[in-house]
Structures are given as C-alpha cells and as structure tokens.
Amino acid sequence: MPMILILSHKSYEQGTDPVLEWLLYYKYPFRKIVIEDLLTTHLLIDSQKGEVTLDGVNLTKEVHTVFYRRFKKNLSVYNGIDLGNVTNKINKESNIELNAVIDFLFFLLKDKLWIPQTTAFSINKEIVLFTARKLGLNVPRSIVTTSKSELIEFKRQVKDVIYKPFELISYYETGHYTYSCYTTPLSKAAMNRIPIKFFPSLFQELIDAEYEIRIFYLDGHFYSSAVLRPQFSNEHNVDIKLDFDKIETDWVAYELPNEVKEKIKQLMNTLKLITGSIDIIKCKDGKYYFLEVNPVGQYLAPSYLCNYNIPKIISEWLIEKDKNMKI
Amino acid sequence: MAYRKRQKYEDLIAEKDLKNLPLAFRFLIRRETNTIGEMYSYVRFSTSKKLGTCSLNNYTDLTPISGIFISEEK
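About the thresholds
Once a new chain begins, its residue numbering starts again from 1 and follows that chain's sequence as written. Each chain takes a letter, starting from A, and each ligand takes a number, starting from 1, following the order in which they are written. Side-chain atom pairs in this predicted model are given and counted only at pLDDT of 80 or more, local residue features only at pLDDT of at least 70, and totals for whole chains, interfaces and linings cover all residues. Derived side-chain values reflect all non-hydrogen atoms in the structure, with water molecules and hydrogen atoms excluded from consideration. Each helix is a run of DSSP H or I of at least 4 residues and each strand a run of E of at least 2, with the numbering of both proceeding from the N terminus. Any pair of residues with heavy atoms lying within 4.5 Å of one another is described as a contacting pair. What sets the accessible areas is the Shrake-Rupley method with a 1.4 Å probe; for residues, cover comes only from the shown protein chains. Two strands pair if DSSP finds at least two bridges between them. Throughout, the edges of the domains are those of an automatic or database domain assignment. The axes are straight lines fitted to the C-alpha atoms, using for helices just the contacting stretch, and the angles between their N-to-C directions are given from 0 to 180°. By the definition adopted for this analysis, an angle is roughly parallel if under 35 degrees, roughly antiparallel if over 145, roughly perpendicular if from 65 to 115, and oblique otherwise. Handedness of a crossing is defined here by the sense of rotation of the near helix relative to the far one, left-handed for an anticlockwise turn of less than a right angle and right-handed for a clockwise turn. Residue polarity follows a fixed list, in which Ala, Val, Leu, Ile, Met, Phe, Trp, Tyr, Cys and Pro are nonpolar, Asp, Glu, Lys and Arg are charged, and the others, Gly among them, are polar.

Caption draft 1: Spotlight on the overall build of chain B. Per the secondary structure count, chain B includes zero helices and four strands. The order of α-helices and β-strands along chain B, N terminus first, is β-β-β-β. Put simply, of all contacts in chain B between residues at least 6 apart along the chain, 13% involve residues at least 24 apart. Split by element, the accessible area of chain B, about 4300 Å² in all, is 50% carbon and sulfur.

Caption draft 2: Fine view of the pairing of strand β3 (residues 43-46) of chain A. All names here are of chain A. Pairing of β3 with strand β4 (residues 51-54), which is carried by four bridges, proceeds in the antiparallel orientation. Counted as the bridge partner of L43 is L54 from β4. Linking two consecutive strands that pair antiparallel, namely β3 and β4, is a turn of four residues; a positive phi of about 70° is found at G50 within it.

Caption draft 3: Broad picture of the domain arrangement of chain A. Along its sequence, chain A is carved into domain 1 (3-115), domain 2 (141-205) and domain 3 (209-309). Between domain 1 of chain A and domain 2 of chain A, the C-alpha centre-to-centre distance is 35 Å.

Caption draft 4: Seen up close, the packing of helix α1 (residues 16-25) of chain A against helix α10 (residues 310-324) of chain A. All names here are of chain A. Packing of α1 against α10 leaves a shortest axis separation of 8 Å and a crossing angle of 55°. When the interaxial angle is binned, α1 and α10 end up oblique. For the crossing formed where α1 meets α10, the hand is right-handed. On α10, the residues that touch P18, V19, W22 and L23 of α1 are P311, K312, I314, S315, L318 and I319. Its residues assigned to classes, the contact of α1 with α10 shows eight nonpolar, one polar and one charged.

Written as structure tokens, this is what we have:
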C-alpha cells in the first residue's frame with residue numbers, strides 16, 4: 001500500500017495538520033516527519049541499496065508522494081556551558097552535518113512525486129517577477145540598489161515606492177514583544193532613516209490597489225480570495241498582514257478573469273510549481289498585477305474565511321496522486 | 001486605496017551596528033507576541049502520538065473531524 005510522506009515543522013506550521021486530519025478521516029497511510037525526528041528516531045540510510053528507513057518504515061519502498069511543508073531549519077543542538085564563539089560554531093557545524101544527511105535523504109527519494117519539487121522550496125522573488133513579465137503578466141517596476149541617490153531617482157520616476165526584503169526577514173521575539181519588517185512604504189520619514197549607502201536592497205513601485213487578491217493554486221485550480229478594505233482610511237497599512245484582523249477587513253471568494261488565470265498557469269508551469277500561495281493586486285484601472293508566489297505559503301485563514309476547505313482539497317488531491325504514482 | 005497609516009519603527013539595533021545589515025532592520029515594527037499570526041488562523045496544539053512524530057500537532061479552533069487531535073495534553 002502506498003504512503004504519503006509529509007515533511008513539516010514541529011510547530012507554527014499550521015497548514016500541515018488540518019490536511020493530515022483529512023488523511024486520517026479517509027484512512028490513507030501517511031507519515032509525518034519533522035527535522036527533530038532525525039535526532040530522536042531510528043534512522044538508517046543504506047547507500048548500497050539506496051534505501052531510507054525511519055523508525056522501521058522503509059520510506060524508499062512505501063512512499064510514493066512527498067508533501068513538503070518546510071522542513072529544514074537551524075537547530076540549537078548544543079545546550080552545554082557557553083563557550084562563546086565556539087558555541088556558535090558548534091551549532092552551525094552541527095546543522096551543516098544534519099543538512100548534509102537531509103540532502104542525501106532527499107536525493108534517495110527524488111523519484112517520488114514531490115509537492116512542491118525540491119528545486120522550488122525557495123524561489124527568488126525577482127526571478128519570478130522577471131519571468132512573469134516575460135509571460136505577459138503586469139508586475140511592479142523594481143530596482144536593487146545600494147545608493148540613496150538611485151533610490152531617489154527611482155522614486156521620482158514611479159512616484160510611490162515600497163521597500164521589501166528580498167528573501168526573508170523573520171520574527172524576532174523578545175518575550176512579550178516581537179519585531180519584524182513588513183512591506184514598507186517609503187514616506188518622507190522612512191526615507192530619512194535610509195543612509196547614503198546601504199546593503200543591496202529591493203525597492204518596488206507601489207501599485208495603487210483597489211483591492212488585493214490572495215490565491216491558493218493547486219495543479220491548475222484557483223481558490224481566490226479578495227481582501228476588501230475601506231477605500232480611504234488613516235489606518236491603512238500597505239502590508240495586509242498588519243490589517244488582517246481589523247473589523248473593516250473583509251475576505252470574499254473571488255473569480256479571476258480567465259486570461260489572468262491562463263497566464264498564471266503558464267507562469268507556474270514555467271517555474272515548475274504545482275502549488276503555491278499567490279498575491280495579486282487589482283487596480284482601479286482594471287489591471288491585475290502579479291506580486292509574488294510562495295510555494296509553501298499559508299492557506300488556512302483564507303480557506304476558512306471563504307469556505308474553501310482547502311485542507312480537504314489538498315488531502316484528496318494527494319491521495320489521488322499517491323494512488324496513481326507508479327514507482 | 002490610500003495608504004495613510006504612519007508607522008512607528010523601532011530602533012532595536014544601534015545606528016552604528018546597522019551599517020552592514022539589510023535595511024529591514026531600520027524598519028522593524030513591534031507587536032505584542034501573542035498577536036503574531038496575522039493571516040493565519042489561530043491554532044491549538046496537541047501532542048497526539050497518532051502521527052508517529054515528536055512534533056506538536058496543530059489544529060484549528062474548529063472541531064477536528066477525526067477527533068484525533070483533541071488530545072491528551074498541550
């Protein structure tokens with residue numbers, strides 16, 4: 001009997017377990033693994049046979065499909081006395097060791113059906129926008145620069161500009177408070193915080209949106225939600241995450257025009273992405289602007305708010321693919 | 001849509017230490033930790049061993065269909 005392998009995080013990865021809920025309901029075999037399991041569970045990789053066995057389960061023989069919902073992360077493995085820089089080095093090199101094992105494990109499972117593919121775990125935002133533009137999608141203008149004078153010139157050309165991290169700036173928790181960087185509009189005050197020369201940074205044209213659309217995409221199917229906010233408000237944030245739980249923010253199910261869908265499908269096929277969470281802006285002039293795709297983005301909240309039941313959809317899709325996958 | 005909200009950015013890191021860091025660290029916004037999870041449904045955690053992993057199992061406020069995740073302990 002085939003089995004689905006789920007690779008996920010130990011906590012704060014909320015998309016995974018509701019899918020597993022449905023796999024349990026359908027009584028379909030699966031195994032969930034988090035990176036910490038590799039430190040606590042019996043692992044055997046037989047290089048001669050090319051087989052991976054975890055806790056007595058031969059993953060090479062049993063698994064047909066791999067549902068990847070994040071896996072690798074840096075672990076703090078050394079908990080002894082503080083050795084200063086040596087402590088950092090121990091942790092860093094222990095993680096390098098573990099990642100090498102994981103890379104080999106992934107290699108031995110590479111012929112399974114991966115969702116998403118290993119090459120798509122993390123994709124470069126600007127490469128995606130470059131590709132999207134070539135396929136005929138509207139995308140914001142952007143520059144990467146280290147110079148404030150070039151930023152000022154760009155701002156002069158496009159009028160409104162945002163700064164956004166190129167890849168990832170996470171959350172920095174300090175007990176009661178957490179710090180993070182969100183998509184940042186470059187107001188006069190924000191510009192004053194930027195020095196003459198700086199770290200290579202991504203700046204984008206700020207598109208004046210009528211509303212934003214969040215799409216969960218799976219194998220050619222679109223589950224779209226429009227995020228409606230009051231048109232004129234002094235409490236409006238550029239980054240929707242800062243307005244998410246406001247009472248004035250409404251999420252409604254949405255149907256994209258077919259021509260936009262077709263271009264997005266083309267883009268996802270070009271990027272070899274079966275699934276992803278996509279952000280789009282609808283402008284007042286009727287145009288749709290593609291912003292970004294996250295191959296392992298979150299979908300639970302829009303699913304719940306718009307009644308899509310995406311975890312059920314994902315589980316049924318995984319079961320069908322897993323059953324039909326020939327090894 | 002007019003974005004008018006004036007944001008307050010936190011000086012978590014001293015200016016002299018920001019030189020080689022991404023600009024993101026000049027635009028940090030502070031929020032109460034228990035409000036983080038924007039765009040996410042709030043989840044509960046259980047340690048149900050049914051999944052055969054050492055991980056915490058996350059489930060939403062809606063009653064899980066299998067009953068499996070209504071656990072044991074947090």
